[in-house]
Amino acid sequence: MTQNNAKRSIRVWTDGCFDMVHFGHANACRQAKALGDYLIVGVHSDEEICKHKGPPVYNEQERYKMVRAIKWVDEVVENAPYVTSIETLDKHNCDFCVHGDDITLTAEGIDTYHLVKEQKRYREVKRTQGVSTTDLVGRMLLLTKSHHENDESKLPCAETAKGLSSSNETFSPWTRSCQFLATTNKIIQFSDGREPKPGDRVVYTAGAFDLFHIGLLEFLEKVKKEGDYIIVGLHSDPVVNRYKGSNYPIMNLHERTLSVLACRYVDEVVIGAPYKVTKELLEHFKVDLVVHGTTHVAPDLDGSDPYEEPKKQGKFKVVDSGNSLTTADIVERIIAHRLEYEKRNREKEIKEAKVFQIHSEMKKSEPNEFKAVNLNQ
């Protein structure tokens, strides 16, 4: 094939707040990347988010770094404008913009993608059901355990939503709290399926990895420097709850699995890993090094050290990420600004319910068209 006949690279733009970056955000990036060859992600600043939605939980520097670590992202544009324009797409040589099938609005009630929709440079992907930043904030405010995998009684979506809002308005179909249903297909989509190559140094680390935040990310970044193939063991919900207490983990095992798999530093995840790192586990995965951070290690049920075996084999190392942020710190941020977040969630629920009604009517009449929504019309 000559150079003139070579396939032109398709550059895709997507943007958002990416607050409390979770597997729903990662899945949106995965789907957007699948529509082209090179994915550019615009991340809004704290100032823009405060103006249009209310205070973010993660600050902009945390969000920029978290999005860069999503394995489908090729480039991040910081301080991206809240309303996506044709000028933004052209500036970054992007063919089109991609967003989920929910509607985002400015503080004035205008569709943030109305400009690119009008010029037919907009594509849509499916929003990941069962997870949203609003939902996660709600779990922390309500201190519910309904999301845990061992809890057979599934809390109805509307019940949790009522806890976040005293409004009698219809609940948002996009950000209301409901059970995430994991499938093998979703896990396969997130997994690279890569096996360690001969000679690869295999590193194993385990923990809760709850609310995958910047502290966990920077720890895994350091772990990656210790070897070639990184395996993360994720403890089950009952095990995490035993050593962390309260309503931890905030995200259930399957949610945590996808969040960790989306990280570019991770090659494999052990779902429901044993708390004690055994000789059998080390042999099965051909582990060269077991790593743990500087956080406290709770003893096993029998009072023994869960890292006794790798220590005995000289395969254990403590790695300091240099970031002391913990999941508990994130929860504290929420609790400290409880009223602000409750107000933000309540207003967002009401606005999105109205938008959904308008959007549904538009889709009935023109199902294949991407029309902008304006609450002021």
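The model shown is predicted, which means the values in this text are computed figures rather than measured ones.

Cut-offs and rules
- Residues numbered from 1 in each chain as written.
- Predicted model: local features only at pLDDT ≥ 70, side-chain atom pairs only at ≥ 80, totals over all residues.
- Heavy atoms only, no water.
- Helix = DSSP H or I, 4+ residues; strand = E, 2+ residues; numbered from the N terminus.
- Buried < 20%, exposed > 50% of the residue type's maximum accessible area, 1.4 Å probe, protein only.
- Contact = heavy atoms within 4.5 Å.
- Areas by Shrake-Rupley, 256 points an atom, 1.4 Å probe, with all protein chains shown as cover.
- Expected span 1.5 Å × (residues − 1).
- Phe/Tyr/Trp six-rings, centres within 6.5 Å; stacked < 30°, edge-to-face > 60°.
- Lys NZ or Arg CZ within 6 Å of the ring centre and 35° of its normal.
- Lys, Arg positive; Asp, Glu negative; His and termini not counted.
- Salt bridge = Lys/Arg side-chain N within 4 Å of Asp/Glu carboxyl O.
- Polar contact = N/O pair within 3.5 Å; in protein donor to acceptor, adjacent residues only side chain to side chain.
- Pairing = 2+ DSSP bridges.
- Axes fitted to C-alpha atoms, helices over the stretch in contact; angles between N-to-C directions.
- pLDDT = per-residue confidence, 0-100.

Observations concerning the overall build of the protein
Part 1 of the argument: In terms of regular secondary structure, the protein is built from 15 helices and 10 strands.
Part 2 of the argument: In the protein, which comprises 377 residues, the proportion classed as buried is 53%.
Part 3 of the argument: Taking the contacts inside the protein whose residues are at least 6 apart along the sequence as the reference set, 79% of them involve residues at least 24 apart.
Part 4 of the argument: As presented, the protein carries roughly 17,500 Å² of accessible surface, and 50% of it is formed by carbon and sulfur atoms.

Things to note about helix α1 (residues 23-34)
Part 1 of the argument: Taking 1.5 Å as the rise per residue, α1 with 12 residues should run 16 Å; its terminal C-alpha atoms sit 16 Å apart, in good agreement.
Part 2 of the argument: With 10 of its 12 residues buried, α1 lies for the most part within the structure.
Part 3 of the argument: Within α1, burial applies to Phe-23, Gly-24, His-25, Ala-26, Asn-27, Cys-29, Arg-30, Gln-31, Ala-32 and Lys-33.

Overview of the packing of aromatic side chains
Part 1 of the argument: Overall, the coordinates contain four aromatic pairs when judged by the stated rule.
Part 2 of the argument: Each ring, one from Trp-72 and one from Phe-190, has its centre 5.2 Å from the other, and the planes form 80°; the classification is edge-to-face. Taken as a pair, Trp-72 in the loop between α3 (60-68) and β3 (75-78) and Phe-190 in helix α8 (residues 184-190) lie far apart in primary sequence, 118 residues in all. Judged on exposure class, the residue Trp-72 and its partner Phe-190 are both buried.
Part 3 of the argument: Where Tyr-307 meets Phe-316, the ring centres are 5.1 Å apart and the plane angle is 40°; that geometry is what we call tilted.
Part 4 of the argument: Phe-316 gets classed as partly exposed once you look at its relative accessible area, which sits at 23%.
Part 5 of the argument: Lying over the aromatic face of Tyr-275, Arg-242 brings its terminal NZ or CZ to 5.1 Å of the ring centre.
Part 6 of the argument: Stacked on the ring of Phe-316, the Lys or Arg Lys-311 has its end atom at 5.1 Å from the ring centre.

Topic: the side chain of Lys-186
Part 1 of the argument: Residue position: Lys-186 is located in helix α8.
Part 2 of the argument: An unpaired buried charge is present at Lys-186: no salt bridge exists, and Asp-101, the closest side chain of opposite charge, is 11 Å distant.
Part 3 of the argument: Within polar-contact distance, the side chain of Lys-186 engages the side chain of Gln-189 at 3.2 Å.
Part 4 of the argument: Setting aside chain neighbours within four positions, we find Lys-186 in contact with Asn-27, Arg-30 and Leu-258.

Focus on the sheet that holds strand β8 (residues 268-271)
Part 1 of the argument: Here five strands make up an open sheet; going across it, the order is β8-β7-β6-β9-β10 and the pairing parallel. Edge positions in the sheet fall to β8 and β10 (316-318), since each of these pairs with one other strand and no more. Here the strands of the sheet are splayed against their neighbours by 25° on average, with no regard to which way each runs.
Part 2 of the argument: In the sheet, strand β7 (residues 229-234) pairs with β8 via four bridges, with the strands oriented parallel.

A word on the confidence of the model for the protein
Part 1 of the argument: Residue-level pLDDT values for the protein average 84, and 79% of them are 70 or greater.
Part 2 of the argument: Taken together, the stretch residues 151-178 has pLDDT below 50 and engages in 57 contacts with residues farther than four places along the chain or on a different chain.

Side note on the sheet that holds strand β4 (residues 96-100)
Part 1 of the argument: Taken in spatial order, the five strands line up as β3-β2-β1-β4-β5 in an open sheet, and their pairing is parallel. Each end of this open sheet is capped by a strand with a single partner; those strands are β3 and β5 (122-125). Each adjacent strand pair in this sheet contributes to an overall mean axis angle of 30°, direction not counted.
Part 2 of the argument: Sheet topology places strand β1 (residues 11-16) next to strand β2 (residues 38-43); six bridges connect them, and they run parallel. Opposite Thr-14, over in β2, you have Val-41 as the bridge partner.
Part 3 of the argument: On the sheet, α1 packs against β1, β2, β4 and β5 and is oriented at approximately 140° with respect to β2.
Part 4 of the argument: On the sheet, α3 packs against β2 and β3 and is oriented at approximately 165° with respect to β3.

Comments concerning the environment of Arg-346
Part 1 of the argument: Tracing the chain through its elements places Arg-346 in helix α15 (residues 338-365).
Part 2 of the argument: Along the chain, Arg-346 and Thr-134 lie 212 residues apart, while their C-alpha atoms are 9.5 Å from each other.

Here we look at unusual backbone geometry
Part 1 of the argument: With an omega of 0°, the peptide bond between Tyr-248 and Pro-249 qualifies as cis.
Part 2 of the argument: At Phe-18, a position not held by glycine, the phi torsion is positive, near 55°.
Part 3 of the argument: With respect to the helices and strands, the residue Phe-18 is situated in the loop between β1 and α1.
Part 4 of the argument: Not every positive phi belongs to a glycine, and Asn-93 is a case in point at roughly 55°.

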